[in-house]
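Letter by letter, the chains look like this.
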Amino acid sequence: QSGYIPRGFISSALAYSYRVMDEVDQKSVIILLDVGKAITEVSLFPKNKISECVWLPIGINDLFDGDKKIKKDVLSKFVEELKKINQWESVNRIVLVGEGILTETLIEEMERSFDIPTKLGFCAARPFEELPLDRTTYAASLGAIDFLKYVRLKLQAEGNIFKRILSRICSF
């Protein structure tokens, strides 16, 4: 009714990847875990290309009890589900993002259970950006902006030489 026609879709995993993966991650096989309250989105990134995305019905509320202690049986089930992902044997690192990742002991318990290096996916700040200390919540939004910028630059590079020069001049 509004006349707005969407031109595309950016998955949250792809958006996160533009802000939380460093250069080493981009050359490796990474699993990005977006841990929510009730579900976890699992995305496989072999060499910086998203190749698989599944959702597990286990979130931060399922992993911890009322005393904020991890439920070992739920964590074991979670790990078994993750091991069913294609290319699990070649995964070099797991990156945790989402609203539940700052829960105490989560990263230690997951790294111990996976037996794979695991890190928190903090939003990488670009030059001249002043981000708050809690940089986990901005990663997907800023990553989506970075992705759109990348696509725009890629499309501009495909034009003729005059369009590229004009685009470069106008982008300053």
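Residues numbered from 1 in each chain as written. Predicted model: local features only at pLDDT ≥ 70, side-chain atom pairs only at ≥ 80, totals over all residues. Heavy atoms only, no water.

### Points about the overall build of the protein
(1) Moving on: A count of helical and extended segments in the protein gives 7 helices and 5 strands.
(2) Moving on: In sequence order, the secondary structure elements of the protein are arranged as α-α-β-β-β-α-α-β-α-β-α-α.
(3) Moving on: Here the protein holds 172 residues, and 39% of them are scored as buried.
(4) Moving on: For the protein, long-range pairs separated by at least 24 residues make up 55% of all intrachain contacts whose partners lie at least 6 apart in sequence.
(5) Moving on: When the accessible surface of the protein is summed, it comes to about 11,200 Å², and 56% of that surface belongs to carbon and sulfur atoms. (Helix = DSSP H or I, 4+ residues; strand = E, 2+ residues; numbered from the N terminus. Buried < 20%, exposed > 50% of the residue type's maximum accessible area, 1.4 Å probe, protein only. Contact = heavy atoms within 4.5 Å. Areas by Shrake-Rupley, 256 points an atom, 1.4 Å probe, with all protein chains shown as cover.)

### Some remarks on helix H4 (residues 72–82)
(1) Moving on: Those residues of H4 that fall on the buried side of the exposure criterion are Val 74, Leu 75, Phe 78, Val 79 and Leu 82. Taken end-on, H4 shows its buried residues confined to a sector of 140°, consistent with a single buried face. Turned more than 90 degrees away from the buried face of H4, the exposed residues are Asp 73 and Lys 77.
(2) Moving on: Buried-residue contacts for H4 involve strand E1 (29–35), strand E2 (40–46), strand E3 (52–56), helix H3 (60–63) and helix H5 (106–114). (Arc of directions from axis to C-beta.)

### Concerning the pattern of salt bridges
(1) Moving on: This model, assessed by the stated rule, comprises 8 salt bridges.
(2) Moving on: Put simply, Glu 81 and Lys 84 hold a salt bridge, and the shortest N to O gap is 3.1 Å.
(3) Moving on: Take Lys 84: its relative accessible area is 61%, and that puts it in the exposed class.
(4) Moving on: Note that Glu 109 and Arg 112 form a salt bridge whose closest N and O atoms lie 3.3 Å from each other. Separated by 3 residues within a single helix, Glu 109 and Arg 112 lie in helix H5, roughly one turn from each other. (Salt bridge = Lys/Arg side-chain N within 4 Å of Asp/Glu carboxyl O.)

### Considering the packing of aromatic side chains
(1) Moving on: Evaluated as defined, the whole model comprises 2 aromatic pairs.
(2) Moving on: Residues Trp 88 and Phe 114 carry aromatic rings whose centres are separated by 6.1 Å and whose planes lie at 70° to one another, so their mutual orientation is edge-to-face. Of the two residues, Trp 88 is situated in the loop between H4 and strand E4 (93–97) and Phe 114 in helix H5; the sequence distance between them amounts to 26 residues.
(3) Moving on: Take Phe 114: its relative accessible area is 4%, and that puts it in the buried class. (Phe/Tyr/Trp six-rings, centres within 6.5 Å; stacked < 30°, edge-to-face > 60°.)

### Digging into the pairing of E1
(1) Moving on: Within E1, 7 of the 7 residues are buried, which leaves the element mostly enclosed by the surrounding structure.
(2) Moving on: Of the two faces of E1, the one carrying Val 29, Ile 31, Leu 33 and Val 35 and the one carrying Ile 30, Leu 32 and Asp 34 are both buried.
(3) Moving on: Inspection of the sheet shows E1 paired to E2 by 7 bridges, in the antiparallel sense. Paired with Leu 32 across the strands is Ser 43, a residue of E2.
(4) Moving on: Sheet topology note: the E1/E4 ladder contains 5 bridges and is parallel. Paired with Asp 34 across the two strands is Val 97, which belongs to E4. (Pairing = 2+ DSSP bridges.)

### Describing unusual backbone geometry
(1) Moving on: Located in the positive-phi region is Lys 47, a residue other than glycine, with phi close to 50°.
(2) Moving on: Within the secondary structure layout, Lys 47 lies in the loop between E2 and E3.
(3) Moving on: The residue Gln 87 is not glycine, and still its phi comes out positive at about 70°.
(4) Moving on: Among the residues examined, Gln 87 registers a relative accessible area of 37% and is labelled partly exposed.

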